[in-house]
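Read off the chains here:
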Amino acid sequence: MEEDKQTAEHIPVLAKTLVEQINLPQEAVMVDATIGHGGHSFLFAKQLSSKGIIFGMDVDEDSLSKAKQTLKDVNCRVVLVHSNFSQISEQLGEHGIEKVDFILADLGLCSAQITNENLGLSFQTNMPLDMRIDKRLQHNAADIVNRTDEKSLADLIFKYGEDRASRRIARFIVSYRKENKITTTGQLAGIICKALGNRKNRSRIHPATRTFQALRIAVNQELENLEKLLASAPKLLNKDGLIAIISFHSLEDRIVKYDFRQNKADGIYDILTKKPLISSKEEIDENQRARSAKLRIAMKR
Ligand SMILES: C[S@@+](CC[C@H](N)C(=O)[O-])C[C@H]1O[C@@H](n2cnc3c(N)ncnc32)[C@H](O)[C@@H]1O
């Protein structure tokens with residue numbers, strides 16, 4: 001959730017843990033629902049023969065070109081699609097794939113996306129306020145902050161950012177926009193800092209962190225998309241097929257936890273991670289993003 005000094009190089013989180021936990025049959029079909037720069041897929045490709053398939057999805061075309069580059073020499077077949085993972089069933093169907101052995105989703109963003117001007121996600125660097133990872137989406141973050149009424153804005157910041165100061169932040173945003181349109185991340189971060197005053201010094205995270213998270217989730221409909229992916233998975237997985245989800249904040253992790261629990265209760269999944277797997281201190285020292293990562297794995301019965 002936090003925005004730190006990011007390098008353009010994306011280091012896949014919990015990569016060692018994943019490959020230790022998951023051994024794919026050589027001819028497996030794997031869906032990397034968030035292929036990003038292809039780091040995780042590259043590691044799993046080593047387990048696959050030329051009959052295996054990696055089906056990679058991403059909403060960001062830049063990520064897909066990076067993944068193409070990373071995976072250019074692997075042995076297995078690679079199919080890359082520019083699509084939201086909420087469309088996983090439709091996309092697999094279009095490619096003639098009915099069943100898969102492994103679904104991986106590493107939620108959130110690649111490091112390079114946070115500093116990418118075109119995406120407008122950073123509160124550390126001033127850039128146009130956008131936040132759409134998929135440019136095909138109609139509404140961006142500027143539309144939300146300039147058009148949403150105060151109460152709904154406060155509710156949104158509270159629901160998706162879990163910020164207890166949501167009402168105050170919404171009030172400051174609405175008061176500011178009476179005079180000026182909010183068009184940049186710098187303006188928005190400034191308004192939030194003003195609303196929260198010296199809270200910045202007391203809290204470990206930047207005052208804008210939670211509001212930016214809330215807007216990003218709302219713009220990209222992140223939680224709804226995750227729910228759709230999880231709802232599609234049982235029908236797509238072969239017997240003994242695996243689903244692994246890496247989440248980065250409690251809202252996502254809660255959705256995954258309850259989905260796996262429900263599927264267990266319905267006799268569909270066995271849960272392989274009683275508690276979510278987290279990164280070692282060494283991994284966190286090397287990669288700040290790993291700090292909040294949680295990995296849950298389930299197996300189709
Ligand atoms: C954390 S990165 C994945 C990094 C990747 N595991 C690697 O090792 O390089 C997350 C990626 O998921 C993409 N993404 C986020 N939400 C998505 C969605 N609903 N459908 C498809 N891709 C999504 C982002 O654009 C980003 O490229």
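As a reminder, the structure under discussion sits directly above these lines.
Residues numbered from 1 in each chain as written. Predicted model: local features only at pLDDT ≥ 70, side-chain atom pairs only at ≥ 80, totals over all residues. Heavy atoms only, no water.

A. Examining helix H11 (residues 209-220) more closely. An ideal rise of 1.5 Å per residue puts 16 Å on 12 residues; H11 measures up with 17 Å between its terminal C-alpha atoms. Burial runs high along H11: 11 of the 12 residues are buried. Taken as a whole, H11 has its buried residues at Thr209, Thr211, Phe212, Gln213, Ala214, Leu215, Arg216, Ile217, Ala218, Val219 and Asn220. Where H11 is buried, its residues contact helix H6 (141-147), helix H7 (150-161), helix H8 (166-177), helix H9 (185-196), helix H12 (222-236) and helix H13 (250-265). Positive backbone phi, approximately 50°, marks Gln221, located one or two places after H11. (Helix = DSSP H or I, 4+ residues; strand = E, 2+ residues; numbered from the N terminus. Expected span 1.5 Å × (residues − 1). Buried < 20%, exposed > 50% of the residue type's maximum accessible area, 1.4 Å probe, protein only. Contact = heavy atoms within 4.5 Å.)

B. Quick peek at the site of the ligand. For the ligand, the set of nearby residues contains 26 residues, the closest of which are His40, Asp58, Ser63, Phe85 and Asp106. Asn84 has a polar side-chain atom sitting 3.0 Å from a nitrogen atom of the ligand. Gln113 places a polar side-chain atom, nitrogen or oxygen, 2.9 Å from an oxygen atom of the ligand. Burial of the ligand by the protein chains amounts to 96% of its free accessible area of 600 Å². Counted by class, the shell around the ligand contains 9 nonpolar, 13 polar and 4 charged residues. (Near = heavy atom within 4 Å. Polar contact = N/O pair within 3.5 Å; in protein donor to acceptor, adjacent residues only side chain to side chain. Areas by Shrake-Rupley, 256 points an atom, 1.4 Å probe, with all protein chains shown as cover. Nonpolar A, V, L, I, M, F, W, Y, C, P; charged D, E, K, R; others polar.)

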